[in-house]
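These are the residues of each chain, in order.
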Amino acid sequence: MVINPDGLVESTDGLETPMIIGKPAPFVSAFVAAVDEAIRAHQPQHALSVTQRTWLAFCITAVLVTNSICWARFERASLGTYTMAALSWMFRHSKIPWEHLLAASVRVILLHHGIASGSLIIDDTDNPRSKSAKALAYLYKLRDKASGGYLWGQSLVFLVLVTPKISIPVGMVFYQPAPEMSAWHSKDKALKKQGIPPKQRPRKPAPNPYYPTKEQLALRLLETFKTHHPAVRIHAVMADALYGTASFVDGASALFSGVQVISQIRSNQNIRVGKRDQHVADYFATHPGTPYSIRIRGGEEVVAMVGSARLYVCAHKTKRFIVAIKYAEEETYRYLIASDLSWRTLDIVQGHTLRWLVEIFQPHYDSSKPLSLTAA
């Protein structure tokens, strides 16, 4: 075995663990120190202690070395220097300012790269968990799109900042539906299948403030980002069809002083043309798009059929810039909406392509894939 300059032991005969941690990597220690300085500059009372900085630097190094988040693997990689019990105890009991770590880390990264502007993307993802994982927080029955059944898991809403230089996750929160809402949905679905009319079915329960919706969580993430990074200029906010509501579009735009918000609406969404209401799909069926060449995130150009119009969206009670777009491999159009009517059609389409970058940040809990989150 040989010890490299980063303090990591490398195997030379292929028999040992590929990398063994002798000490935290110097670049990780430097990053943790910079994050601590950023915390001290904004919240001096939440500064990290020497022990906390050392523990955090070791854990980050261990994640990079073992390609996982697992106390047992961390212990084995350290050859007993750090025990699983001690590592776990620090995580559970040490008063580390977790709520400030991400914000401070983002400030350090933005300052290092000289980034002062970008676009924000909201998305959510479901992560299946084992049926025996009863002790984990925010677990509930998820709909499995592949099988049509249900599985046990967690749901995350997260925020990504996209800039010309880098794209980084800047916020994350767990989502869990209100138990009374889930019970109502199940009962309402069963009664609906029996043919019972809506007036004879139980009323939908009032919103529970302790269980915010994904839309409310998304707005909170945007507000938190603005609070922690007021100097970052936001060009646009983007989200998928789940967030294509008037409350989200108007709320997100107002948070950043009228910034452009791009989302999607359903094909059967009602729009008003003159004095007549019709589905957005029916309108664009009589107003077909034209081929446009679109460059995806500075990469190769693709051709898409694009149509657009500034139309009154009934559910939003205001005009929106609606763009109908269909790529070559797609059979049907998708319908984008934008809050700022002054943008050009292609600017909206190009902005929407940034959403594709968010896929690389969706967490996966599969141990066969890189950086899996596994239990000890």
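Residues numbered from 1 in each chain as written. Predicted model: local features only at pLDDT ≥ 70, side-chain atom pairs only at ≥ 80, totals over all residues. Heavy atoms only, no water.

Remarks on the overall build of the protein
Broken down by element type, the protein carries 10 helices and 17 strands. Here the protein holds 376 residues, and 43% of them are scored as buried. Of the roughly 20,800 Å² of accessible surface on the protein, 57% is carried by carbon and sulfur atoms. (Helix = DSSP H or I, 4+ residues; strand = E, 2+ residues; numbered from the N terminus. Buried < 20%, exposed > 50% of the residue type's maximum accessible area, 1.4 Å probe, protein only. Areas by Shrake-Rupley, 256 points an atom, 1.4 Å probe, with all protein chains shown as cover.)

Quick look at the packing of helix α1 (residues 26-42) against helix α5 (residues 98-113)
Viewed as axis vectors pointing N to C, α1 and α5 meet at an angle of 110°, and their least axial separation amounts to 8 Å. Relative to α5, α1 is oriented roughly perpendicular. Every residue of α5 that contacts α1 at F31, A34, V35, A38, I39 and H42 is listed here: H100, L101, A104, S105, R107, V108 and I109. Looking at the contact of α1 with α5, its residues break down into 9 nonpolar, 3 polar and 1 charged. (Axes fitted to C-alpha atoms, helices over the stretch in contact; angles between N-to-C directions. Parallel < 35°, antiparallel > 145°, perpendicular 65-115°, else oblique. Contact = heavy atoms within 4.5 Å. Nonpolar A, V, L, I, M, F, W, Y, C, P; charged D, E, K, R; others polar.)

Focus: the packing of α1 against helix α2 (residues 50-66)
Orientation of α1 relative to α2, taken along the N-to-C sense of each, is 135°, at an axis distance of 9 Å. Between α1 and α2, the angle is such that the two are oblique. Where α1 crosses over α2, the two elements pack in a sense that is right-handed. Residues F27, V28, S29, V32, D36 and R40 of α1 pack against R53, L56, A57, I60, T61 and L64 of α2. Grouping the amino acids of the contact of α1 with α2 by side-chain chemistry returns 7 nonpolar, 2 polar and 3 charged. (Left-handed = near helix turned anticlockwise from the far one by under 90°.)

Observations regarding the packing of aromatic side chains
In total, this model carries 12 aromatic pairs according to the counting rule given. Seen in terms of ring centroids, Y283 and F284 are 5.1 Å apart; in terms of plane orientation they differ by 90°. Their pairing is edge-to-face. Exposure remark for Y283: the relative accessible area of 11% places this residue in the buried category. A residue is classified by how much of its surface remains accessible, and F284, at 6% relative accessible area, is buried. One aromatic cluster is present, built from ring pairs that chain together W55, F58, W71, F74, Y82, F91 and W98. Here K141 stacks its cationic end above the ring of Y150, 5.1 Å away from the centre of that ring. It is R143 that lies over the ring of Y150; its NZ or CZ is 5.2 Å from the centre. (Phe/Tyr/Trp six-rings, centres within 6.5 Å; stacked < 30°, edge-to-face > 60°. Lys NZ or Arg CZ within 6 Å of the ring centre and 35° of its normal.)

Quick notes on the nonpolar core
If you look at the biggest cluster of nonpolar residues, it comprises 43 residues, and the most contacted ones within it are L120, I122, L222, I234, V237, F248 and I322. Sequence-distant contacts of F248, defined by excluding residues within four places in its chain, comprise I122, E215, A218, L219, L222, A239, Y243 and V261. Listed in part, the 25 residues of the second largest apolar core include A38, I39, L56 and A57. (Core = buried A, V, L, I, M, F, W, Y, C linked by side-chain atoms within 4.5 Å.)

Thoughts on the side chain of Q269
With respect to the secondary-structure elements, Q269 resides in the loop between β10 (260-265) and β11 (270-273). Apart from the residues within four sequence positions on either side, Q269 is in contact with Q278, H279, V280, V313 and A315.

Description of the environment of V35
Here V35 lies in helix α1. Between the C-alpha atom of V35 and that of V106, which follows or precedes it by 71 residues, the distance is 8.7 Å. Sequence-distant contacts of V35, defined by excluding residues within four places in its chain, comprise L101, A104, S105 and V108.

Overview of the pairing of strand β12 (residues 276-279)
Bridge count for β11 against β12 is 4 bridges, and the pairing is antiparallel. Each residue of the ladder has a partner; that of I271, found in β12, is Q278. Hairpin connection from β11 to β12: 2 residues lie between these consecutive antiparallel strands, with G274 at a positive phi of about 70°. (Pairing = 2+ DSSP bridges.)

Regarding the pattern of salt bridges
As enumerated under the stated definition, the model contains 8 salt bridges in all. Here D188 ties to R201 by a salt bridge, and the two come within 2.8 Å at their closest N and O atoms. Remark: R201 occurs in the loop between α6 (179-193) and α7 (214-228) and D188 occurs in helix α6; sequence separation between them is 13 residues. Of the residues examined, D188 reaches a relative accessible area of 15% and is grouped as buried. Residue R201 is classed as buried on the basis of its relative accessible area of 14%. A salt bridge links D250 to R320, with the shortest nitrogen-to-oxygen separation between them at 2.9 Å. Taken together, the residues D250 in helix α8 (residues 246-255) and R320 in strand β15 (residues 318-327) connect sequence positions 70 residues apart. For R320, a relative accessible area of 3% gives the class buried. Here the salt bridges share partners, and the residues they tie into one network are D36, R40 and R53. (Salt bridge = Lys/Arg side-chain N within 4 Å of Asp/Glu carboxyl O.)

A few points about unusual backbone geometry
With glycine set apart, most residues show a phi of negative sign, and most peptide bonds adopt trans. At L79, a position not held by glycine, the phi torsion is positive, near 55°. Of note in this structure, S257 is not a glycine but carries a positive phi near 55°. Of note, S257 is situated in the loop between α8 and β10.

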